[in-house]
Amino acid sequence: MISKTKLSASSPSLSIISQNPNHYQKGKTHLLLSSPRKAWPSLSNHIKWEGLRVIRGKKLLKDLSTWGIGGPCDHFLQVFTHSQLLSALWYCREHSIPFIIVGKGSNCLFDDLGYDGCVIQNRIEFLERNEPGIYRAGSGFPFNRLGVQCSSEGYTGLEFAGGIPGTVGGAVYMNAGANGQETAGVVHGVEFVTTEGKFQSLNRTDLKFGYRSSPFQKMKNLAAIVAVTFQLKHSASARRMQQQYLERRRLSQPVGEKSAGSVFRNPSNLGVTAGELIERAGLKGYKVGGAMVSNIHANFFINSGQSTSQDMLELIRLVKEKVYQRFGVQLKEEVLYVHPHGNV
């Protein structure tokens, strides 16, 4: 099965996942997935490698992560269309190459050793506006760009997205949210590809979302989200609200630093955020090597310069331990550690 590697005790339900061609499991951001060899029986007859450029052993994963951490991967390629994605998945399956699919790498931690497999970067970035307030976006389309565009055109529901890095697919998969809004509130339909190589779609009424969760995280035959349709309502104040959210973000988060956003999920039913617990534990500014708890927002860990993956893993472990010792609360990661060999 595909294995989503955990950070120490628990790991993000993040956008990236580590996949083995003969096994399946879910990941954070988007999807990834491989299928049993008996699946996709006809793909070898009509799917071609489509001239995709595969980079061997030279692509540094630190360049694909907002944390700026990570060594080289064995294979790297980008996909720009649905058919290229299918081709890439088929190629990895046929050659027994483990793989992961990433978007903007905004909430994952790659290892300094890199990744012993294929990293597929989702660049399916189209955007369509078919009716007023109806937007259909490729899963690789930048989520913050979508939020800015919708708000600028006078539609409400994605004002919060303007300050969130990552992709549309990752935002849906994790049900990203902020400022009282969440992605699920405006999702109208989701298109995805299964492990059998079939394209399917689900309407909003068929989808049950929760706090930082979506039905795709438990969908066993999911290969990847490929497109999402959003339905928004007109609002004369949408642009103004988004500007307020962006200003609030600028003042309360380490904008411009190398971070992966919130490291931990907020505890449920406690009336206190993960950042507040970390701050109350006196951990703002706490460092392990080049990894540091931000002095601006305690739930943001930054690469203050030359941080290694082990520095960041140790910082996460120590913060979890100290918060538990002080308050008896077990924090759960919202970021995902990608093991260099794809195993847990």
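Before reading on, note that the structure itself is shown above.
Analysis parameters
Residues numbered from 1 in each chain as written. Predicted model: local features only at pLDDT ≥ 70, side-chain atom pairs only at ≥ 80, totals over all residues. Heavy atoms only, no water. Pairing = 2+ DSSP bridges. Helix = DSSP H or I, 4+ residues; strand = E, 2+ residues; numbered from the N terminus. Buried < 20%, exposed > 50% of the residue type's maximum accessible area, 1.4 Å probe, protein only. Core = buried A, V, L, I, M, F, W, Y, C linked by side-chain atoms within 4.5 Å. Contact = heavy atoms within 4.5 Å. Expected span 1.5 Å × (residues − 1). Axes fitted to C-alpha atoms, helices over the stretch in contact; angles between N-to-C directions. Nonpolar A, V, L, I, M, F, W, Y, C, P; charged D, E, K, R; others polar. Salt bridge = Lys/Arg side-chain N within 4 Å of Asp/Glu carboxyl O. Disulfide = S-S within 2.5 Å.

Q: Got a minute to help me understand the sheet that holds strand β16 (residues 287-288) in this structure?
A: As a general point, the strands of a sheet are linked pairwise by backbone hydrogen bonds and lie either parallel or antiparallel. Pairing in this open sheet of four strands is antiparallel, and the strands run β15-β18-β17-β16 from one edge to the other. Either end of the sheet is taken by a strand with one partner, and the two such strands are β15 (259-262) and β16. By the bridge criterion, three bridges tie strand β17 (residues 291-293) to strand β18 (residues 300-303) in an arrangement that is antiparallel. Bridged to M292 within β18 is I302.

Q: Explain the environment of I225 here, please?
A: Structurally, the position occupied by I225 is in strand β13 (residues 222-231). Note on I225: relative accessible area 1%, which makes it buried.

Q: Mind showing me how you'd approach the nonpolar core here?
A: Among the nonpolar cores identified, the biggest contains 31 residues, and F143, L146, L158, V172, F216 and F230 are the most heavily contacted of them. If you tally residues by element for this core, the top one is helix α4 (residues 168-174), at five residues. Each residue touching L146, except ones within four places of it in the same chain, is listed here: L127, Y135, F141, L158, V168 and F230. With 28 residues, the next largest nonpolar core counts W67, L109, V288 and Y337 among its residues.

Q: Before we go on, may I ask you to explain helix α5 (residues 238-252) in this structure?
A: Helical periodicity: at 3.6 residues per turn, an α-helix aligns residues three or four positions apart in one direction. For α5, with 15 residues, the first-to-last C-alpha span of 21 Å sits near the 21 Å given by 1.5 Å per residue. In this structure, the buried residues of α5 make contact with α3 (143-152), β8 (155-156) and β10 (181-182).

Q: Just checking my understanding: could you explain the packing of α3 against α5 for this structure?
A: Packed helices, taken two at a time, are described by the angle between their axes plus the distance between the axes. Where α3 contacts α5, the axes come no closer than 7 Å and their chain directions differ by 140°. Two secondary-structure elements touch here, α3 through G147, V148, S151 and S152 and α5 through A238, R239 and Q242. Residues of the contact of α3 with α5, tallied by class, amount to two nonpolar, four polar and one charged.

Q: I keep staring at the pattern of salt bridges and nothing clicks. Help me out?
A: Once the charged atoms of two side chains with opposite charge are near each other, the side chains can pair. Counted under the stated rule, the structure contains ten salt bridges. Between E94 and R93 there is a salt bridge, and its shortest N-O distance comes to 2.5 Å. Judged by its relative accessible area of 4%, R93 is buried. Among the ionic contacts, a cluster of salt bridges with common partners joins E128, R136 and E191.

Q: What is the right way to read the sheet that holds strand β12 (residues 199-203) from this model?
A: Spatially, the five strands line up as an open sheet ordered β6-β7-β13-β11-β12, and their pairing is antiparallel. Lying at the two open borders of the sheet, with one neighbouring strand each, are β6 (127-131) and β12. Sheet twist, expressed as the average angle between the axes of neighbouring strands with direction ignored, equals 20°. The pairing of β6 with strand β7 (residues 134-138) spans four bridges and is antiparallel. Bridged to E128 within β7 is R136. Contacts between α3 and the sheet are confined to β6, β7 and β13, with β6 contributing the most and set at about 30° to the helix.

Q: Looking at this structure, how should I read the pairing of strand β5 (residues 115-122)?
A: Looking down a regular strand, the side chains alternate between one sheet face and the other. Counting buried positions along β5 gives seven out of eight residues, so the element sits mostly inside the fold. Relative to β5, strand β2 (residues 73-79) is paired through six bridges, and the arrangement is parallel. What sits directly across from C73, in β5, is Y115. Note that strand β3 (residues 99-102) and β5 share four bridges and pair parallel.

Q: How do you make sense of the state of the cysteines when you look at a structure like this?
A: What makes a disulfide is a covalent bond joining the sulfur atoms belonging to two cysteines. Tallying each qualifying case throughout the model produces zero disulfides. Not engaged in a disulfide, the cysteine C73 finds its nearest cysteine sulfur in C118; these two sulfurs lie 7.2 Å apart.

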